[in-house]
Amino acid sequence: MTMVATSDDTPVETAAPSTRRQPDRTALLLAPGVLWMLLFLVAPILMMVYVSFWTQTTFKIEPTLTLKSWVTFFSSDTYLGALWTTIRIWLIVLASTLLVGYPAALFVGLFVKNKTLSTALLVLCVIPFWTSFLIRVLAWRPMLGKEGAINMILMKIGVITQPIEVLLFSELSVIIGMTQIYCVFMVGPIAFMLGRIDPSVIEAAQDLGASFWRIFRTIILPLSMPGVVVGAIFVSVMVLGEFATSAALSGRKVNLLGNIIVTQVGSLKWAFAAVAGVVLTVLMGAVVAALLRVVDLKKEL
Amino acid sequence: MRDKSWPELVGIQVKSVLQLKNVHKAFSGVPALAGVDAALPENSYISLLGPSGSGKTTLLRVIAGFEQPDGGEILFAGQRIDGVPPHERGIGFVFQNFALFPHLSVAENIAFGLENRAVDPVTDTRVVAAKVRDIIGLVGLSGLEGRAVTQISGGQKQRVALARTLVTEPSMVLLDEPLGALDANLRTRMRGELRTIRERCGVTFLHVTGSETEALAMGDTVLVLDRGRIAQSADAGTLYGRPASADVARFLNCYNIFSGAISDDAFESPVGRLALGGAQQKSGEPAYAIRYDRVAIRPLHASAAGDEVRIEASFVASEYSGAAINSFFTLDDGRVFEVETHLSHAAPETFEEKARYALVWKREDALVFV
Ligand SMILES: Nc1ncnc2c1ncn2[C@@H]1O[C@H](COP(=O)(O)OP(=O)(O)OP(=O)(O)O)[C@@H](O)[C@H]1O
Ligand SMILES: [Mg+2]
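From a predicted model like this one, the values you see are computed outputs, not experimental measurements.

Cut-offs used in this document
Residues numbered from 1 in each chain as written. Chains lettered and ligands numbered in written order. Predicted model: local features only at pLDDT ≥ 70, side-chain atom pairs only at ≥ 80, totals over all residues. Heavy atoms only, no water. Helix = DSSP H or I, 4+ residues; strand = E, 2+ residues; numbered from the N terminus. Buried < 20%, exposed > 50% of the residue type's maximum accessible area, 1.4 Å probe, protein only. Areas by Shrake-Rupley, 256 points an atom, 1.4 Å probe, with all protein chains shown as cover. Lys, Arg positive; Asp, Glu negative; His and termini not counted. Charge placed at Lys NZ, Arg CZ, Asp CG, Glu CD. Pairing = 2+ DSSP bridges. Contact = heavy atoms within 4.5 Å. UniProt positions renumbered as here; feature names shortened; annotations may be inferred. Domains from an automatic or database assignment. Polar contact = N/O pair within 3.5 Å; in protein donor to acceptor, adjacent residues only side chain to side chain. Expected span 1.5 Å × (residues − 1). Phe/Tyr/Trp six-rings, centres within 6.5 Å; stacked < 30°, edge-to-face > 60°. Lys NZ or Arg CZ within 6 Å of the ring centre and 35° of its normal. Axes fitted to C-alpha atoms, helices over the stretch in contact; angles between N-to-C directions. Buried area = accessible area lost by both parts, 1.4 Å probe. Salt bridge = Lys/Arg side-chain N within 4 Å of Asp/Glu carboxyl O. Patch = residues over 30% accessible without salt bridge, like charges linked within 9 Å, V, L, I, M, F, W, Y side chains within 5 Å.

1. What about the overall build of chain B?
- On a plain count of helices and strands, chain B comes out with 9 helices and 22 strands.
- C-alpha extents for chain B along the principal axes are approximately 80 × 45 × 40 Å.
- Within chain B, the fraction of its 370 residues that count as buried is 49%.
- Total accessible area computed for chain B in this model is approximately 16,200 Å², and 48% of it derives from carbon and sulfur atoms.
- Charged side chains of chain B number 38 positive and 45 negative; the gap between the two group centres comes to 3 Å.

2. What about the pairing of strand β6 (residues 91-94) of chain B?
Residue and element names in this part refer to chain B.
- Side chains Ile-91 and Phe-93 project from β6 onto one buried face, and the interleaved Gly-92 and Val-94 project onto a second face that is buried too.
- Pairing geometry for β6 and strand β7 (residues 172-176), over 4 bridges, is parallel. The residue bridging Ile-91 from the neighbouring strand is Met-172, located in β7.

3. Concerning the environment of A:Ile150
All names here are of chain A.
- By the secondary structure assignment, Ile-150 is in helix α6 (residues 149-156).
- On the basis of relative accessibility, which here comes to 27%, the residue Ile-150 falls in the partly exposed class.
- It is 9.1 Å that separates the C-alpha atoms of Ile-150 and Ile-164, two residues lying 14 residues apart in sequence.
- When near neighbours in sequence (up to four residues on either side) are disregarded, Ile-150 contacts Met-143, Leu-144 and Leu-167.

4. Quick look at the UniProt feature "domain: ABC transmembrane type-1" (unreviewed entry) in chain A
- If you check UniProt for "domain: ABC transmembrane type-1" (unreviewed entry), the listed places come out as residues 83-291 of chain A in our numbering.
- Structurally, residues 83-291 of chain A is divided into 78% helix and 0% strand, and its ends, taken at the C-alpha atoms, are 20 Å apart.

5. Concerning the UniProt feature "transmembrane region" (unreviewed entry) in chain A
Residues and elements named next belong to chain A.
- With numbering matched to this structure, UniProt assigns "transmembrane region" (unreviewed entry) to residues 27-53, 89-112, 119-139, 172-194, 215-240 and 270-295.
- As a span, residues 27-53 carries 93% helix and 0% strand, and end to end its C-alpha atoms are 36 Å apart.
- Secondary structure across residues 172-194 divides into 100% helix and 0% strand, with the first and last C-alpha atoms of the span separated by 31 Å.

6. Overview of the domain arrangement of chain B
- With domains assigned, chain B is organised as domain 1 (16-241) and domain 2 (254-369).
- Taking the mean C-alpha position of each, domain 1 of chain B and domain 2 of chain B sit 39 Å from one another.

7. What to know about the side chain of B:His207
All names here are of chain B.
- As for its placement among the helices and strands, His-207 is situated in strand β8 (residues 204-209).
- A polar side-chain atom of His-207 sits 2.7 Å from a polar atom in the side chain of Tyr-45.
- Beyond its immediate stretch of four places on either side in the chain, His-207 contacts Tyr-45, Ile-46, Ser-47, Leu-48, Leu-175, Pro-178, Leu-179, Leu-194, Glu-214 and Met-218.

8. Some details on helix α6 (residues 184-201) of chain B
Residues and elements named next belong to chain B.
- An ideal rise of 1.5 Å per residue puts 26 Å on 18 residues; α6 measures up with 26 Å between its terminal C-alpha atoms.
- Every buried residue belonging to α6 is among Leu-186, Met-190, Leu-194, Ile-197, Arg-198 and Cys-201, and all of these are buried.
- Between the side-chain oxygen of the N-cap and the backbone nitrogen of Asn-185 there are 3.1 Å, and the N-cap of α6 in question is Asp-183.

9. Examining the sheet that holds strand β5 (residues 79-80) of chain B
All names here are of chain B.
- Across the sheet, 4 strands lie side by side as β2-β1-β4-β5; this open sheet has antiparallel pairing. Two strands bound the open sheet, and with one partner strand each, they are β2 (30-41) and β5.
- Of the pairings in the sheet, the one linking strand β1 (residues 16-27) to strand β4 (residues 71-76) comprises 5 bridges and is antiparallel in character. The partner of Leu-20 across the bridge, within β4, is Ile-74.

10. A short note on the packing of aromatic side chains
- What the rule picks out here adds up to 29 aromatic pairs over all chains.
- Between the aromatic rings of A:Trp36 and A:Phe40, the centroid separation amounts to 4.8 Å while the plane-to-plane angle is 55°, which identifies the pairing as tilted. Separated by 4 residues within a single helix, A:Trp36 and A:Phe40 lie in helix α1 (residues 2-51), roughly one turn from each other.
- The interplanar angle of 10° and the centroid separation of 5.3 Å between the aromatic rings of A:Phe73 and A:Tyr79 together place this pair among those described as stacked.
- For A:Phe73, a relative accessible area of 1% corresponds to the buried category.
- In textbook terms, an aromatic cluster arises when at least three aromatic residues are bridged by ring pairs, as seen for A:Phe53, A:Trp70, A:Phe73, A:Phe74, A:Tyr79 and A:Phe272.
- Against the face of B:Phe101 rests B:Arg164, its NZ or CZ located 4.7 Å from the ring centre.

11. Here's the deal with the sheet that holds strand β12 (residues 261-263) of chain B
Residue and element names in this part refer to chain B.
- On the basis of which strands lie adjacent, the open sheet formed by 3 strands has the order β12-β13-β14 and antiparallel pairing. Two strands close off the open sheet at either side, each with one partner strand: β12 and β14 (272-275). Neighbour-to-neighbour, the strand axes of the sheet open up by a mean angle of 35°, direction not taken into account.

12. Regarding the interface of chain B and chain A
- The interface of chain B with chain A comprises 23 residues on the first partner and 17 residues on the second.
- Each partner contributes to the roughly 1,700 Å² buried at the junction of chain B and chain A, and carbon and sulfur atoms together form 62% of this total.
- Contact with chain A buries area across many residues of chain B, yet B:His103, B:Phe112 and B:Asn116 alone supply 30% of it, more than any other trio.
- Across the contact surface, chain B and chain A share 1 salt bridge.
- When the shortest N-O distance is used, the salt bridge between B:Arg61 and A:Glu203 registers 2.7 Å.
- Summed over the shared surface of chain B and chain A, the result is 8 residue pairs in polar contact (both at pLDDT 80 or more).
- Counting only elements with at least two residues in the side of chain B that touches chain A, the list comes to β6, α3 (106-116) and α5 (154-166) of chain B.
- By residue number, the principal contributor to the side of chain B that touches chain A is α3(B), which donates 4 residues.

13. Some details on a nonpolar patch on the surface
Residue and element names in this part refer to chain A.
- Together, Leu-30, Val-34, Trp-36, Met-37, Leu-38, Leu-39, Phe-40, Leu-41, Val-42, Ile-45, Leu-46 and Val-49 make up a nonpolar patch on the protein surface, roughly 1,100 Å² of accessible area in all.
- Within the fold, Met-37 resides in helix α1.
- Its relative accessible area of 44% is what places Met-37 among the partly exposed residues.

Pasting the structure below:
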């Protein structure tokens, strides 16, 4: 009799508290993060949206709602040009980091069989970050300049007779600089995904008769797509918000949305800065959402 | 329907499908294969038995072409294939961990080889679909075609791996511990299925296993690999009854083995003189082997008949294994001696722990290696 009673009771007793306590604990664990995000991410963004509708005069800004800053932004060639430049440079840098990064990741993640060596190689990719941003950008100047190393060498071996001027202080130098800085963010996630591919899966494809390029297209590329998407998100978010590289390497010829925001804030034009900020945030959101569409990360990771 | 079309499609009429001649392979100086010689008959099931680290996987990888041998010859259907890349060999490989393509469905996995092989790919999707449908029926996967391979059971993955290889119509299939990842029940069932599938395809299967029961149950021919060499190649009955050396007998896990030396009419073992009388077998190291199920347990006072060998030992424990009971004894030198009694022959006796018994067998039942 007692046996029956206890065996009947125990599951109820143990099951009930655990299901009851679960939501409490979840809420407790999430609270700090949620609070932090609300306070320092969501609130400032809402504030920025709000400020973009304030009235801006030359010397002060008033909380009277108006569409004037928005109209100015979308009817000005300068601002629209900056938006277009931002998108163009983002697309080019995204393509070039992928072009440079994917083969590097392929080598590190797939062809280097030794795990320690591949980790060491990944660390090598991070070496540029051991110097400060400013030094790295400055180092490009004697490299790309009119009398810089590249021009000198090309002239010496007689490939060119005139120094190539577009190397520095142009869109090209900004693209070269950004590719160099952000490439590692592409290599990392892709190498990680490639490293997770079971070598016997590739051997199986080989055994079934597929050539290297077939295996690459049908097995390796699809299995590394989540890495490409994560890398692309990293690079996109960083490049879209860039202002420092273009300021340092373009000689103010290339104006990105980021540079617009910096100048507007510098001259206390908060409403304009906020409009540019909102546009940039929406752009980033759209890009990230589109990239997430490409691969179902939840399923793949 | 299959058994007719397969050999025709494969188009090979050679008796010995694969020949290995003195195949060597070392990893950084340590030999994994030390001169493997073998000839595998066409259209048969061959099991390759060997303890862990004996070089089974290495041998399969060398045959498949994933590793290059350091020396020796591999002839496949009469042609030398060492140096030929894996995909041009016409040899299918089923991996121990299945190695399915994780992003493809069951049907896509199976169709992969047909669609993507460099030599003679099948471009007509209807032909591919028909072949895939046939093979899915053959291995018993109907209804799972669209399933992701991450969402099927171990046994089903095994079948996908097999189907994926079979659909490309290889002339030979290598299976590396194909049942190793399955639970005991499924393993027994898959044994029968693998044999049936092979018979329907009519190609040679080379099945690697570390389990002697699996090797004996499945192989028409059993190869025993020991320290990188083929120690014996025989049918299951011969192997079980007449192992070629003490080492092979040890892998079979059904012999008590004594080392020692032959003198006149007896074998000098650590537990005393064992009278000779049975078969003698040439092998490198002298040893005396008696099968677990050839030994009778008698009370200590019982004496042996003229044609019998008798030793004494103390009882330790016994263990039921279905139709038989295995009793364990310790000999005077501390070694364990095992006796298997079939319950159909005698009702289970109970023995007293630590008590001494006489263990008796017929002289001619013992195998003596000289
Ligand atoms: N890639 C490798 N590099 C170095 N040594 C290796 C390599 N592959 C195998 N070996 C060595 O070769 C020997 C044979 O290995 P192999 O994998 O063929 O054994 P096996 O019979 O398949 O064993 P198991 O039953 O455990 O799978 C082992 O001593 C192993 O350590
Ligand atoms: Mg192995």
